Amino acid sequence: TQLLEQSPQFLSIQEGENLTVYCNSSSVFSSLQWYRQEPGEGPVLLVTVVTGGEVKKLKRLTFQFGDARKDSSLHITAAQPGDTGLYLCAGLKYSGAGSYQLTFGKGTKLSVIP
Amino acid sequence: DAGVTQSPTHLIKTRGQQVTLRCSPKSGHDTVSWYQQALGQGPQFIFQYYEEEERQRGNFPDRFSGHQFPNYSSELNVNALLLGDSALYLCASSRDRGIEGYTFGSGTRLTVV
C-alpha cells in the first residue's frame, strides 16, 4: 500500500496552460515537501509546508497543505518548457524513538510542449 | 557551500558481487538517509543514520547495510548483488528532524549485469 498517492502520474500540456498535481494520504504528516527531479539528478527541494491550510507561492508555483495535514496540491500557472520534470511529494512522519522518516509518492512526470 | 556529494556516479557490477557507495553530507547536516530509485518511480527509503547509528530502516533485506562516520559521511553496502538491485541510489542529508527539507546528492547509478 502506497502511503502517498500522487496524481496524475503523467501530464503532457501545452506551454501557457495551467495544471494541478495532487498528493493524498490517510496519514497525518509533520510536514509535506515537494521536490523536482531532472533525469540523472537527485531531487531538489521546492518547498516545505508545515501548518494545516498553509499556502506557499514560488513564482508561478502555488503549494497548499490540507487542513488535516494529510494531503497537498501543487498548482502551476502558465506552464513553461523549463517546468518539465518529475515532481515528487514527500511526507515527513514521526516514526518513533525521536526519529522522522520522509516517504515519497511515485511522482508526476510533467512535459510542457512549446 | 558544497551540497551532498556522492561517489561514484556510475558503477557496473556482476551478480553476486558486493558494492560500496559513499556520501558526504551538506555542511551543517548531521543525518544521512539513503534511498533507492527505480526508473520512473519515486525514491524508496532504505535506512537513516544519525550519531553513527542506524536509526530506522525501510523494507530492504539485510544485504543492504550502512555506516556513518564521525564526520557524518556515510557508506551504503550491498552484498550478493541481484539484477533487481539496478537503480539510482540517492543519499540525502538533513538536520533538525528534516522539517526544513532534505538535500539530495546526484546519486550513484548502479547497473548489475
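Colleague: Residue-level account of the interface of chain A and chain B, with values.
Modeller: Across the boundary between the two partners, chain A contributes 24 residues, which contact 21 residues of chain B. Between chain A and chain B, roughly 1800 Å² of surface is buried when both sides are summed, and carbon and sulfur atoms account for 51% of that area. On the chain A side of the contact with chain B, Y100, Q101 and F104 of chain A bury the most area, a combined 25% of that side's loss. Viewed at the interface, chain B and chain A are joined by zero salt bridges. Between chain A and chain B we count ten residue pairs in polar contact (both at pLDDT 80 or more) in total. The element that contributes the greatest number of residues to the side of chain A that touches chain B is strand 10 (residues 99-104) of chain A, accounting for five residues.

Colleague: Before we move on, could you go through the sheet that holds strand 8 (residues 72-76) of chain A and cite the residues and values that matter?
Modeller: Neighbouring strands of a sheet are bound in pairs by backbone hydrogen bonds; such pairs are parallel or else antiparallel. Residue and element names in this part refer to chain A. The strand order across the open sheet built from five strands is 1-3-8-7-6, with neighbouring strands paired in antiparallel fashion. If you trace the sheet from one side to the other, it starts and ends with strand 1 (5-7) and strand 6 (55-58), each paired once. Strand-to-strand, the axes of this sheet are offset by a mean angle of 15°, without reference to chain direction. Strand direction decides the pairing type here: strand 7 (residues 61-65) and strand 8, joined by five bridges, are antiparallel. Within strand 8, the position partnered with F65 by the bridge is S72.

Colleague: For the packing of aromatic side chains, give the residues involved together with the corresponding values.
Modeller: Residues and elements named next belong to chain B. Under the definition given, this model contains eleven aromatic pairs over all chains. For the ring pair Y35 and F45, a centre distance of 5.7 Å and an interplane angle of 65° mean the geometry is edge-to-face. With Y35 in strand 4 (residues 31-37) and F45 in strand 5 (residues 44-50), this residue pair connects regions lying ten residues apart in the sequence. Accessibility expressed as a relative area gives 0% for Y35, which makes it buried. Ring geometry for Y102 against F104: centres 6.4 Å apart, planes inclined by 35°, an arrangement best described as tilted.

Colleague: Summarise the environment of D62 of chain B; cite the residues concerned and give the values.
Modeller: Residue and element names in this part refer to chain B. Here D62 shows up in the loop between strand 6 (53-57) and strand 7 (64-68). Residue classification places D62 among the exposed residues on the basis of a relative accessible area of 72%. C-alpha separation for the pair D62 and N79, spaced 17 residues apart in sequence, amounts to 8.7 Å.

Colleague: Explain unusual backbone geometry to me, using residue names and the numbers behind them.
Modeller: Excluding glycine, residues mostly have negative phi values, and the peptide bonds linking residues are mostly trans. Residue P8 of chain A is reached from S7 of chain A by a cis peptide bond, and omega for that bond is -10°. Here P8 of chain A shows up in the loop between strand 1 and strand 2 (10-14). Residues S7 of chain B and P8 of chain B are joined by a peptide bond in cis, for which omega reads -10°. Examined against the element boundaries, P8 of chain B turns out to sit in the loop between strand 1 (5-7) and strand 2 (10-13). The residue K59 of chain A is not glycine, and still its phi comes out positive at about 55°. Locating K59 of chain A in the fold gives a position in the loop between strand 6 and strand 7. Residue K59 of chain A is classed as exposed on the basis of its relative accessible area of 84%. In this structure, R69 of chain A is a non-glycine residue whose phi angle is positive, near 60°. Position of R69 of chain A among the secondary structure elements: in the loop between strand 7 and strand 8.

Colleague: Run through the pairing of strand 11 (residues 108-112) of chain B, naming residues and quoting values.
Modeller: Residue and element names in this part refer to chain B. Alternating positions in strand 11 separate cleanly, T108, L110 and V112 being buried on one face and R109 and T111 remaining unburied on the opposite face. Summarising the sheet, strand 2 and strand 11 pair through four bridges and their orientation is parallel. Bridged to H10 within strand 11 is R109. One ladder, built from three bridges, connects strand 9 (residues 87-94) with strand 11; its direction is antiparallel. Looking at the pairing, L88 lines up with R109 of strand 11.

Colleague: How would you sum up the pattern of salt bridges? Please name residues and give values.
Modeller: Proximity of charged atoms lets side chains of opposite charge pair with each other. Residue and element names in this part refer to chain A. Scanning all chains against the criterion turns up seven salt bridges over all chains. Of the charged contacts in the structure, one is a salt bridge between E54 and K56, with a shortest N-O distance of 3.8 Å. The class of E54 is buried, set by a relative accessible area of 18%.

Here is what the cut-offs are and how they apply
Residues numbered from 1 in each chain as written. Chains lettered and ligands numbered in written order. Predicted model: local features only at pLDDT ≥ 70, side-chain atom pairs only at ≥ 80, totals over all residues. Heavy atoms only, no water. Contact = heavy atoms within 4.5 Å. Buried area = accessible area lost by both parts, 1.4 Å probe. Salt bridge = Lys/Arg side-chain N within 4 Å of Asp/Glu carboxyl O. Polar contact = N/O pair within 3.5 Å; in protein donor to acceptor, adjacent residues only side chain to side chain. Helix = DSSP H or I, 4+ residues; strand = E, 2+ residues; numbered from the N terminus. Pairing = 2+ DSSP bridges. Axes fitted to C-alpha atoms, helices over the stretch in contact; angles between N-to-C directions. Phe/Tyr/Trp six-rings, centres within 6.5 Å; stacked < 30°, edge-to-face > 60°. Buried < 20%, exposed > 50% of the residue type's maximum accessible area, 1.4 Å probe, protein only.

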